[in-house]
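# Structure assessment
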Amino acid sequence: MISVFLITGILISIAIGLSLYRVIKGPGVFNRTAAVNIIGTKTIALLVVMGYYFERPYFFDIALLYAMINFVGTLVFAKYLERGNLWS
Amino acid sequence: MVLIHIVTTFLLGAGLFFTFVGSIGLLRFPDFYTRLHATGKCDTLGAGLIILGLLIYHFFYYPETPLVPAKLIFLILFIFIANPTATHALMKAAYQMGIKPWRLGEERE
């Protein structure tokens with residue numbers, strides 16, 4: 001069962017590498033922001049799988065924190081791009 | 001116990017399938033809106049299925065720590081609420097910035 005977790009983690013990493021193309025190449029700032037948000041979601045799944053591969057449940061706390069920071073970061077960036085500033 | 005292995009492996013495989021479909025959609029679609037249409041749903045479902053498979057694995061192999069699955073359930077609920085919200089906010093910002101949707105026959109970005 002350990003090898004299943006290892007293979008899952010490697011395949012999620014390959015999917016992150018595929019999404020990284022859109023961050024580097026993608027035209028405009030919106031494509032890049034969307035790709036960063038999607039890489040963050042994949043990273044949450046990767047952290048949970050790593051927590052079972054190394055048998056350390058502390059990775060789940062990091063995954064929870066990463067989910068919250070990813071959500072708030074994307075919302076703040078969308079608001080900044082929409083209005084031009086954040087405090088009005 | 002073999003049945004739990006099969007169920008967990010199937011759920012991990014389904015989550016990986018949806019994750020890869022979302023990544024290929026992000027690479028291949030011609031427009032910002034269609035890219036988010038592909039990835040906003042596929043990625044949410046992929047991460048949810050992977051965490052659900054590991055949750056079932058945890059219930060049968062580590063029954064002495066029942067608080068860890070609570071964290072995973074909260075993680076699934078948070079992803080299912082937060083990820084479509086972020087996608088919607090980004091799409092609304094792009095629409096109000098004046099980015100035109102792609103039409104058939106135009107050059108893809």
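Quick summary incoming for the structure in this document. Note that the coordinates shown come from a computational prediction; the quantities given were computed from them, not determined experimentally.

Reading the values: the criteria
- Residues numbered from 1 in each chain as written.
- Chains lettered and ligands numbered in written order.
- Predicted model: local features only at pLDDT ≥ 70, side-chain atom pairs only at ≥ 80, totals over all residues.
- Heavy atoms only, no water.
- 1 Å grid on protein atoms, 1.4 Å probe; cavity = no way out; pocket = protein on both sides within 12 Å on 5 of 7 lines; lining within 4 Å.
- Points joined across faces, edges and corners; volume = space filled by probe spheres on them.
- Helix = DSSP H or I, 4+ residues; strand = E, 2+ residues; numbered from the N terminus.
- Contact = heavy atoms within 4.5 Å.
- Buried area = accessible area lost by both parts, 1.4 Å probe.
- Salt bridge = Lys/Arg side-chain N within 4 Å of Asp/Glu carboxyl O.
- Polar contact = N/O pair within 3.5 Å; in protein donor to acceptor, adjacent residues only side chain to side chain.
- Nonpolar A, V, L, I, M, F, W, Y, C, P; charged D, E, K, R; others polar.

## Considering empty space enclosed by the protein
All chains considered together, the criterion is met by three cavities of 30 Å³ or more. By volume, the largest cavity is sized at about 90 Å³. Where the lining of the largest cavity is concerned, the elements lending two or more residues are α2 (29-53) and α3 (59-83) of chain A together with α3 (67-97) of chain B.

## A short note on the interface of chain A and chain B
Residue-level contacts link 41 residues of chain A with 43 residues of chain B. Both sides of the chain A and chain B interface together cover about 3,900 Å² of buried area, and 78% of this is carbon and sulfur. Contact with chain B buries surface across chain A, with M1, F30 and Y52 of chain A losing the most and accounting together for 18% of the total. Summed over the shared surface of chain A and chain B, the result is two salt bridges. Ionic pairing is found between K42 of chain A and D43 of chain B, a salt bridge with its closest N-O pair at 2.9 Å. Inspection of the region where chain A meets chain B yields 10 residue pairs in polar contact (both at pLDDT 80 or more). Looking at the side of chain A that touches chain B, the elements with two or more residues in it are α1 (2-25), α2 and α3 of chain A. Per-element tally for the side of chain A that touches chain B: the top contributor is α2 of chain A, with 14 residues. Within the side of chain A that touches chain B, the residues separate by chemical class into 29 nonpolar, seven polar and five charged.

## Digging into the layout of surface pockets
By volume, the largest pocket is sized at about 220 Å³. What lines the largest pocket is a set of 15 residues, and nearest its centre among them are Y52, E55 and P57 of chain A together with H58 and Y62 of chain B. The set of elements that each furnish at least two residues to the lining of the largest pocket consists of α1 and α2 of chain A together with α2 (32-61) of chain B. Taken together, the residues of the lining of the largest pocket break down into nine nonpolar, three polar and three charged.

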